[in-house]
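The primary structure of each chain is shown beneath.
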Amino acid sequence: MSKVITGSPGVGKHTISNRLAKRLNLKLIDINKVAIESGIFEQKNESFYVDVKKLKKMLVKKITKNSLVVGHLAPYVISQKQVDTVVVLRKNPYKLTSIYKKRKYSHEKSIQNLGSEILGVTLYDAISAFGSDKTFQIDTTNKSVSMVVKKIESFFANGILEEDKVDWLGLISERNDLKRFFPY
């Protein structure tokens, strides 16, 4: 059974997974790389569309109990039977906004990803796909990569994690910013 790191773009999935895989001697499987190397994606504008069914079949063969799988598509392309633990990384939408600007995301792509993070879509989808007993969230906002890696490493070792409380919708509502993040 594998371990999975997922979350919205910009929350630190790949940076954290690379460090974790090295520290724990796990085989890192990057879902995006598998899709790209296999040629089962199509690019339209700035977005990639993946053949989820083909990707799921490919991953079944690649994932082992010594795997750390990373990618935002995890809830849609990994079988529940292959998963031991899922960590959903989260980040404050105000911080993500600046990350998306640096990445030169279009306004539409930024709004779509920010809305998804605010509403906890990836967390919801991970719980739906893998179960609430296997799925945990960590807020990466204002935490160093080392701090997050140590927290996850400890969790993987002893099975105990003090889950972070995340309520981005409450935060943006408090700040009267609903229209900023949900303009349509």
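A. Representation of the nonpolar core within the structure. Within the largest apolar cluster, 30 residues are counted, with the highest numbers of intra-cluster contacts made by I5, L20, V87, L89, I152 and F156. For this core, the secondary-structure elements that each account for two or more residues are helix 1 (13–24), strand 5 (67–70), strand 6 (83–90), helix 5 (93–102), helix 6 (107–119), strand 7 (135–139), helix 8 (145–158) and helix 9 (168–174). Leave out the neighbours within four places in its chain, and I152 touches I5, I16, L20, V87, L89 and I138.

B. Examining helix 1 more closely. The end-to-end C-alpha distance of helix 1, which contains twelve residues, comes to 16 Å, matching closely the 16 Å that a straight helix rising 1.5 Å per residue would cover. Listed in full, the buried residues belonging to helix 1 are K13, I16, S17, L20 and A21. The buried side chains of helix 1 occupy one side of the element, clustering within an arc of 130 degrees when seen end-on. The inward-facing, buried residues of helix 1 contact strand 1 (2–7), strand 2 (27–30), strand 5, strand 6 and helix 8. Remark: N25 follows helix 1 within two positions and exhibits a positive phi of approximately 55 degrees.

C. Structural view of the sheet that holds strand 6. In space, the five strands of this open sheet follow the order 2-5-1-6-7, with parallel pairing throughout. Of all strands in the sheet, those bounded by a partner on one side alone are strand 2 and strand 7. The average undirected angle you get between the axes of adjacent strands in this sheet is 20 degrees. With three bridges connecting them, strand 1 and strand 5 associate as parallel partners. From the neighbouring strand, I5 faces strand 5, where its bridge partner is V70. Of the strands in this sheet, strand 1, strand 6 and strand 7 are in contact with helix 7 (residues 121–130), which crosses strand 6 at around 170 degrees. Strands in contact with helix 8 are strand 1, strand 5, strand 6 and strand 7; relative to strand 6, the strand with the most contacts, it is inclined by about 160 degrees.

D. How the structure looks around unusual backbone geometry. Of note in the backbone geometry, K104 takes a positive phi value of approximately 60 degrees without being a glycine. Within the element layout of this structure, K104 appears in the loop between helix 5 and helix 6. According to the relative accessible area criterion, K104 is exposed, its value standing at 69%. Despite not being glycine, N142 has its phi angle at roughly 60 degrees, a positive value. Here N142 shows up in the loop between strand 7 and helix 8. Note on N142: relative accessible area 67%, which makes it exposed.

E. Main features of the pairing of strand 6. Burial analysis of strand 6 places seven of its eight residues in the buried class, the great majority of the element. Where strand 1 and strand 6 come together, six bridges link them in parallel fashion. Counterpart to V4 in the pairing with strand 6 is V86. Strand direction decides the pairing type here: strand 6 and strand 7, joined by five bridges, are parallel. Bridging from a neighbouring strand, L89 pairs with I138 of strand 7.

F. Here's a closer look at a positive patch on the surface. A cluster of like positive charges, contributed by K53, K54, K57 and K61, occupies part of the molecular surface. Take K61: it is sitting in helix 3 (residues 52–62). Classification of K61 by relative accessible area gives exposed; the value is 73%.

G. Representation of the pattern of salt bridges in the model. Per the stated rule, a full pass over the model turns up six salt bridges. With a closest N to O distance of 2.8 Å, D164 and K143 form a salt bridge. One end of the pair, D164, is in the loop between helix 8 and helix 9; the other, K143, is in the loop between strand 7 and helix 8, and 21 residues separate them in sequence. For K143, a relative accessible area of 26% corresponds to the partly exposed category. Taken together, the shared-partner salt bridges in this structure form one network comprising K143, K151 and D164.

What counts and how
- Residues numbered from 1 in each chain as written.
- Predicted model: local features only at pLDDT ≥ 70, side-chain atom pairs only at ≥ 80, totals over all residues.
- Heavy atoms only, no water.
- Core = buried A, V, L, I, M, F, W, Y, C linked by side-chain atoms within 4.5 Å.
- Buried < 20%, exposed > 50% of the residue type's maximum accessible area, 1.4 Å probe, protein only.
- Helix = DSSP H or I, 4+ residues; strand = E, 2+ residues; numbered from the N terminus.
- Contact = heavy atoms within 4.5 Å.
- Expected span 1.5 Å × (residues − 1).
- Arc of directions from axis to C-beta.
- Pairing = 2+ DSSP bridges.
- Axes fitted to C-alpha atoms, helices over the stretch in contact; angles between N-to-C directions.
- Patch = residues over 30% accessible without salt bridge, like charges linked within 9 Å, V, L, I, M, F, W, Y side chains within 5 Å.
- Areas by Shrake-Rupley, 256 points an atom, 1.4 Å probe, with all protein chains shown as cover.
- Salt bridge = Lys/Arg side-chain N within 4 Å of Asp/Glu carboxyl O.
- Lys, Arg positive; Asp, Glu negative; His and termini not counted.
- Charge placed at Lys NZ, Arg CZ, Asp CG, Glu CD.

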